[in-house]
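Structural features, examined
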Amino acid sequence: AQSVTQPDIHITVSEGASLELRCNYSYGATPYLFWYVQSPGQGLQLLLKYFSGDTLVQGIKGFEAEFKRSQSSFNLRKPSVHWSDAAEYFCAVGPTSGGSYIPTFGRGTSLIVHP
Amino acid sequence: DGGITQSPKYLFRKEGQNVTLSCEQNLNHDAMYWYRQDPGQGLRLIYYSQIVNDFQKGDIAEGYSVSREKKESFPLTVTSAQKNPTAFYLCASSIDGTDSLVNQPQHFGDGTRLSIL
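Values in this document were obtained by computation on a predicted structure and should not be read as measured data.

All names here are of chain B. Relative to the elements of secondary structure, Thr 79 occurs in the loop between strand S8 (76-78) and strand S9 (87-94). Its relative accessible area of 17% is what places Thr 79 among the buried residues. A distance of 3.0 Å separates the side chain of Thr 79 from the backbone oxygen of Gly 63, its partner in a polar contact. Beyond its immediate stretch of four places on either side in the chain, Thr 79 contacts Arg 13, Gln 17, Asn 18, Gly 63, Tyr 64 and Ser 65.

Written out as structure tokens, the structure reads:
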């Protein structure tokens, strides 16, 4: 079965600083990978997704993520963080072969942005 | 605008009471899902449905029940058997619940927060 690890429970950055949120996955084949963002009291919004092709994926709100097969990672990055980016971020992995598509979510990383 | 509507936003349950959380989507999606979210635990799958009149248990189905009589609706009932129901509940949908299409990402509602009186 697939699994997702987000090693950092909390990340604190200053506004304007760069950001990298880590995501490691365990899956036997090429996974489908997603990053979602959740503002307090709201549902999840898709930031970006990777299915195949270019390993550097661009998303909304200035986010990007890079798929590294050798490291089983799909880290989320942003060059300059804004205060409005403070939220919970979830990495998810989906199966690629047969059967039901039920993504597995990581436990989330809470991003705190200091002014 | 298409989307997923969850209601109510806040819900309170008394001891021994069943409560039902509503989830409606107008995205014409086949698959729908219910997740429970607790602090520090991410999302845990309660039930999912790939097609009308069919649904499957997820990882934490005990104490919950669902129905899927219409494509656009997937209500979740939290029964009195669920001893720790206080949580944030999220409903989601996706175009297709199988891998026949390229895995489509899930769309989420804004959630229902359930608390015990």
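So, next bit.
A separate point is the pattern of salt bridges. Under the criterion given, the structure shown has 7 salt bridges over all chains. A salt bridge links Arg 22 of chain A to Asp 8 of chain A, with the nearest nitrogen and oxygen atoms 2.9 Å apart. With Arg 22 of chain A in the loop between strand S3 (19-21) and strand S4 (24-26) and Asp 8 of chain A in the loop between strand S1 (3-5) and strand S2 (10-14), this pair connects stretches of sequence that are 14 residues apart. Classification of Asp 8 of chain A by relative accessible area gives buried; the value is 16%. Across the salt bridge formed by Lys 71 of chain B and Asp 30 of chain B, the nearest N and O atoms sit 3.4 Å from each other. One end of the pair, Lys 71 of chain B, is in the loop between strand S7 (64-66) and S8; the other, Asp 30 of chain B, is in the loop between strand S3 (19-25) and strand S4 (31-38), with 41 residues separating them in the sequence. Classification of Lys 71 of chain B as partly exposed rests on a relative accessible area of 26%.

All right, on to the environment of Gly 3 of chain B then. All names here are of chain B. Examined against the element boundaries, Gly 3 turns out to sit in the segment before strand S1 (4-7). By relative accessible area, Gly 3 is classed as partly exposed at 23%. Put simply, Gly 3 and Thr 112 are 109 residues apart on the chain and 15 Å apart in space, counted from C-alpha to C-alpha. In this structure, Gly 3 is in contact with Glu 24, Gln 25, Asn 26 and Leu 27, ignoring residues within four places of it in sequence.

Next up on the list: the nonpolar core. Counting 26 residues, the largest nonpolar core has Trp 35, Leu 48, Leu 76 and Tyr 89 of chain A as the members making the most contacts within it. The set of elements that each furnish at least two residues to this core consists of S2, S3, strand S5 (32-38), strand S6 (44-50), strand S8 (64-68), strand S9 (73-78), strand S10 (87-94) and strand S12 (109-114) of chain A. The biggest single contributor to this core is S10 of chain A, with 4 residues. Counting residues in hydrophobic clusters, the runner-up holds 20 residues, among them Ile 4, Met 32, Leu 76 and Cys 91 of chain B.

Rules behind the numbers
- What you see as residue numbers is a count from 1 along each chain, following the sequence as written.
- Chains carry letters and ligands carry numbers; both start at the beginning, A for chains and 1 for ligands, and go up in the order they are written.
- With pLDDT at 70 or above as the cut-off, local features in this predicted model cover only qualifying residues; side-chain atom pairs require 80 or more to be listed or tallied, and sums for whole chains, interfaces and linings still use all residues.
- Side-chain descriptors were evaluated using all non-hydrogen atoms of the structure, hydrogens and water having been removed beforehand.
- Secondary structure elements follow DSSP: runs of H or I no shorter than four residues count as helices, runs of E no shorter than two count as strands, and numbering proceeds from the N terminus.
- Between buried and exposed lies partly exposed: a residue is buried under 20% and exposed over 50% of the maximum accessible area for its type, with that area taken using a 1.4 Å probe on protein chains only.
- The definition of a polar contact used here is a pair of N or O atoms within 3.5 Å, where within protein one atom must be able to donate a hydrogen and the other to accept one, and adjacent residues in sequence count solely through side-chain atom pairs.
- Any two residues whose heavy atoms approach within 4.5 Å are treated as being in contact.
- Should a side-chain nitrogen of Lys or Arg be within 4 Å of a carboxyl oxygen of Asp or Glu, the pair is scored as a salt bridge.
- For our purposes a nonpolar core is just a set of buried Ala, Val, Leu, Ile, Met, Phe, Trp, Tyr and Cys residues, chained together by side-chain atoms within 4.5 Å.

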